[in-house]
Amino acid sequence: MKEISREELFELVWRKPMTRLAEEFGLSDQGLSKICTRHAIPKPPPGYWAKLEAGKEVERRKLPPCPAGTASIIRITQSGQFQRKSREGRKRVEEAAVNVTKTSIPGTLRNLHPIVAAWVDEHRKEQVELRARFRAHRPDDLWWGEEELADLTERDLYRFRVTSALLKGFETQGGRALEGSIRGKLKLEVYGEKFEVSVVEKMYQFHGRPSDEPKGWTAYPYHHNSALAPTGYLRFTITTYLGTGVKKEWVETNKLNGEALLPSVIAGLMLAGPALAARREEFAERDRRIEAERIAEEERRRLVQFEQEKWRRFRDRAKDWEEAQRLRSFLAAIEANPRGLAEEIDGMSAADWLQWAHRKIEEFDPLG
């Protein structure tokens, strides 16, 4: 069981996608959504994460007062099914990690993976361009707001070297590194399945004095939340949703550095392919089931409609039969009093008209 305040959960809901946060709590996204609804915690609207990813401005709702009769401390209990699947997922990664060759982290920037080498070149070019613009602007230009780009720090270089080792080890196992951004976001492929991964600095909420806040630890401080501070450890995360119970995050500790962690990370990345394939098949099976249910429902409605139509026709025929009986009685009354007949009716002789009326009644009678 995990206890969390309503305010803390609100912050997390707007900081992480619901599916990812739910996995961290050991819940389904529907289960976490119900908890948020019960405690009046607003959730990001559709498109929020896409706008945030694209760097667009997003509107964040405020946390309303706690509903009456609802505790401000929320107790979250993992479902037994999630715990079982999590144990199975960790076991699969541990077993697969045994077969992964140990990958050493290079001590220099030589022979980096091409994706990471491009990041170094990108930083160097951006630094040169900014310096050239800085030298070119007029000294009296009070509106000049650009600053020179700082050199890559030890944390930046360490992240680059670890990421390079990760990508090389992943490709040695048969995976493919497709692309990556200097922010640490990667797109990978294994067994024909594409997914996304991030290798970033693990951050924490800084509560000290502003003067004590770590500064200059990265050349790209604007890539990180200004309210957070670095822990000095890297976090490896599969950001693509793989399903419940699949291990998808690894974090360095003082006892487990990147080099010792890489085999488990690489093994987890290799297992992402089968997990995605299984999830796609699960979705396909769900779609097939929904389609079968839709066809069955349409057939049920067709049969109900057909039954109703048969009943309507039966009742209409009963009405026609009653009408035919009434018409026969009327015609019999006419024949019983032939003197009331005109010699010619509707351009026909009386005998021909009576014969015509009998024929029409027989045609109209459903029993005829």
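For the structure, check the block above.
Values in this document were obtained by computation on a predicted structure and should not be read as measured data.

**Q** Is there a simple way to think about the nonpolar core in this case?
**A** Note on soluble globular proteins: their nonpolar side chains tend to be buried together. One finds Leu166, Leu188, Phe195, Phe236, Ile238 and Leu269 to be the most contacted residues of the largest nonpolar core, which totals 42 residues. Where this core is concerned, the elements lending two or more residues are α6 (114–136), α7 (154–172), β4 (185–190), β5 (193–205), β6 (228–238) and α8 (258–336). When residues in this core are grouped by element, the largest group, 9 residues, is from α8. Every residue in contact with Leu188, bar those within four places of it in the chain, is listed here: Leu167, Phe170, Arg176, Ala177, Leu178, Glu193, Lys194, Phe195, Val197 and Leu269. With 18 residues, the next largest nonpolar core counts Ile4, Phe10, Ala22 and Ile41 among its residues.

**Q** I tried to follow the environment of Arg176 on my own but got confused; where do I start?
**A** With respect to the helices and strands, the residue Arg176 is situated in strand β3 (residues 176–180). Since its relative accessible area comes to 48%, Arg176 is described here as partly exposed. Residues Arg176 and Lys194, spaced 18 residues apart in sequence, show a C-alpha to C-alpha distance of 9.1 Å. Setting aside residues no more than four positions away along its own chain, Arg176 makes contact with Phe170, Glu171, Lys187, Leu188 and Glu189.

**Q** Got a minute to help me understand α7 in this structure?
**A** Because an α-helix completes one turn every 3.6 residues, residues spaced three or four positions apart along the sequence face the same direction. Between the first and last C-alpha of α7 there are 27 Å, a value that for 19 residues agrees with the 27 Å anticipated at 1.5 Å per step. Within α7, 15 of the 19 residues are buried, which leaves the element mostly enclosed by the surrounding structure.

**Q** When you look at the packing of helix α2 (residues 18–25) against helix α3 (residues 29–38) in this model, what are you seeing that I'm missing?
**A** Describing two packed helices takes the angle between their axes plus the distance from one axis to the other. At a minimum axis distance of 8 Å, the contact between α2 and α3 shows a crossing angle of 95 degrees. Classified by the angle their axes make, α2 and α3 are roughly perpendicular. Judged by residue contacts, Met18, Thr19, Leu21, Ala22 and Phe25 of α2 engage Asp29, Leu32, Ser33 and Cys36 from α3. Counted by class, the contact of α2 with α3 contains 6 nonpolar, 2 polar and 1 charged residues.

**Q** How should I be thinking about the sheet that holds β4 in this particular structure?
**A** Strand pairing in a sheet takes place through backbone hydrogen bonds and is either antiparallel or parallel in direction. Sheet architecture is open: 5 strands sit in the order β3-β4-β5-β6-β7, paired in antiparallel fashion. Strand pairing shows two members of the sheet lacking a second neighbour, β3 and β7 (249–251), which therefore form its edges. Neighbouring strand axes in the sheet, compared pairwise and without regard to direction, differ in orientation by 30 degrees on average. As judged from the 8 bridges shared by β5 and β6, these two strands associate in the antiparallel manner. In the strand pairing of β6, Met203 is matched with Pro230.

**Q** Would you explain the packing of aromatic side chains in this entry?
**A** Summed over all chains, the structure comprises 8 aromatic pairs. A centroid spacing of 5.6 Å and a plane angle of 25 degrees characterise the contact between Trp311 and Phe314, whose relative ring orientation is stacked. Taken together, the positions of Trp311 and Phe314, both in helix α8 and 3 residues apart, correspond to about one turn of that helix. A network of ring pairs unites the aromatic residues Phe10, Trp14, Tyr48 and Trp49 as a single cluster.

**Q** Looking at this structure, I do not really get the pattern of salt bridges. What am I missing?
**A** Two side chains carrying opposite charge are able to pair once their charged atoms lie near each other. Counting across every chain of the model gives 25 salt bridges. Residue Glu201 pairs with Arg155 through a salt bridge whose shortest N-O separation is 2.9 Å. Taken together, the residues span a long stretch of sequence, with Glu201 in strand β5 and Arg155 in helix α7 at a distance of 46 residues. Residue Glu201 is classed as buried on the basis of its relative accessible area, which comes to 5%.

Cut-offs and rules
- Residues numbered from 1 in each chain as written.
- Predicted model: local features only at pLDDT ≥ 70, side-chain atom pairs only at ≥ 80, totals over all residues.
- Heavy atoms only, no water.
- Core = buried A, V, L, I, M, F, W, Y, C linked by side-chain atoms within 4.5 Å.
- Buried < 20%, exposed > 50% of the residue type's maximum accessible area, 1.4 Å probe, protein only.
- Helix = DSSP H or I, 4+ residues; strand = E, 2+ residues; numbered from the N terminus.
- Contact = heavy atoms within 4.5 Å.
- Expected span 1.5 Å × (residues − 1).
- Axes fitted to C-alpha atoms, helices over the stretch in contact; angles between N-to-C directions.
- Parallel < 35°, antiparallel > 145°, perpendicular 65-115°, else oblique.
- Nonpolar A, V, L, I, M, F, W, Y, C, P; charged D, E, K, R; others polar.
- Pairing = 2+ DSSP bridges.
- Phe/Tyr/Trp six-rings, centres within 6.5 Å; stacked < 30°, edge-to-face > 60°.
- Salt bridge = Lys/Arg side-chain N within 4 Å of Asp/Glu carboxyl O.

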